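Below are the chains, spelled out letter by letter.
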Amino acid sequence: MKRLVMAAVTAGCMTWAEAQDTNVIRLPEPDKTRGTAVMQALADRVSVRECSSEELSLNDMSDVIWAANGINRPEEGRRTAPSALNKQDIDIYVFTAEGVYLYLPQEHALQQVAEGDHREALAGPPSPARAQDFVKDFPVILLFVSDLSRFGMEGERVKLMAAMDAGIVSENVSLFCASVGLCTVPRASMDEPAVRRLLKLGEQQIPLLNNPVGYPKK
Ligand SMILES: Cc1cc2nc3c(=O)[nH]c(=O)nc-3n(C[C@H](O)[C@H](O)[C@H](O)COP(=O)(O)O)c2cc1C
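Keep in mind that this is a model prediction, so the values were computed, not measured. (Residues numbered from 1 in each chain as written. Predicted model: local features only at pLDDT ≥ 70, side-chain atom pairs only at ≥ 80, totals over all residues. Heavy atoms only, no water.)

**A word on the site of the ligand**
- Every residue lining the ligand is accounted for by Arg45, Val46, Ser47, Arg49, Gln132, Phe134, Val185, Pro186, Arg187, Ala188, Ser189 and Leu209.
- One nitrogen or oxygen atom from the side chain of arginine 49 is found 2.7 Å from an oxygen atom belonging to the ligand.
- Taking glutamine 132, its side chain carries an N or O atom lying 3.0 Å from a nitrogen atom of the ligand.
- Tallied by class, the residues present in the shell around the ligand amount to six nonpolar, three polar and three charged. (Near = heavy atom within 4 Å. Polar contact = N/O pair within 3.5 Å; in protein donor to acceptor, adjacent residues only side chain to side chain. Nonpolar A, V, L, I, M, F, W, Y, C, P; charged D, E, K, R; others polar.)

**Let's talk about the nonpolar core**
- Ranked by size, the top nonpolar core spans 31 residues in total, and within it Trp16, Met61, Ile65, Val94, Leu110, Leu142 and Phe144 carry the most contacts.
- Here this core takes six residues from helix 4 (residues 58–69), the largest share from any one element.
- Residues Ile141, Val185, Leu198 and Leu199 belong to the second largest nonpolar core, which totals 24 residues. (Core = buried A, V, L, I, M, F, W, Y, C linked by side-chain atoms within 4.5 Å. Buried < 20%, exposed > 50% of the residue type's maximum accessible area, 1.4 Å probe, protein only. Helix = DSSP H or I, 4+ residues; strand = E, 2+ residues; numbered from the N terminus.)

**Points about the pattern of salt bridges**
- Per the stated rule, a full pass over the model turns up 13 salt bridges.
- Note that aspartate 60 is salt-bridged to arginine 34, the shortest N-O span being 2.8 Å. Residue aspartate 60 is located in helix 4, and its partner arginine 34 is located in the loop between strand 2 (24–26) and helix 3 (38–44); the two are separated by 26 residues in the primary sequence.
- The closest approach of N and O atoms between arginine 150 and aspartate 147, which form a salt bridge, is 3.7 Å.
- For arginine 150, a relative accessible area of 32% corresponds to the partly exposed category.
- Since its relative accessible area comes to 12%, aspartate 147 is described here as buried.
- Residues joined in a network through salt bridges with shared partners are Glu120, Arg130, Asp133 and Lys136. (Salt bridge = Lys/Arg side-chain N within 4 Å of Asp/Glu carboxyl O.)

Okay, structure coming up:
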């Protein structure tokens, strides 16, 4: 059964449910040949807050998360996003209607950490305006969490480096989306206490930014 699942994942023809083996979703190989040139992606980058509710395909999920912070030099385990001192402090959590997953870059897989739809926690602190509710219409939201303990030192400068590292991962997502016609917007808004409770984050883990990702509204 495991071999069949892996063959179908490799062929890139699976749904999320089919690719899930116990609590791990194995992602297909990222397609490193797709998308426009970098200059065109820069010309097209824009914050988009409206999208279709269509589920993100597993191939697009694979490509966007690899572009965000996947391993691009396997021999050294280095990543598509640079990080201060190469501490690789940014973890990516993926929120969907079905659950929340932690990206495992070595395995290029998603490990389920919560069941159910928790996108509300990223809509922002509860407020009468609910101006950030648009985020719940996106099929996928990528949350970037820095683990400060990986720096092995303390202070304001460490927090700044973490924020810069998250910003770079977020920009990778924005440029990838621009280059393949997906919708996204970088966001600092979230209900941080709710996110912390849900993901059981320690004191040194800081949820910094998130990017919802979806297809353009028809
Ligand atoms: C660090 C950061 C935080 C942001 N937070 C939010 C947010 O919480 N909600 C939102 O709708 N947009 C957010 N944005 C998007 C900005 O509003 C947007 O980039 C800006 O208006 C410029 O528009 P453009 O991206 O289309 O050039 C954020 C952008 C950055 C860089």
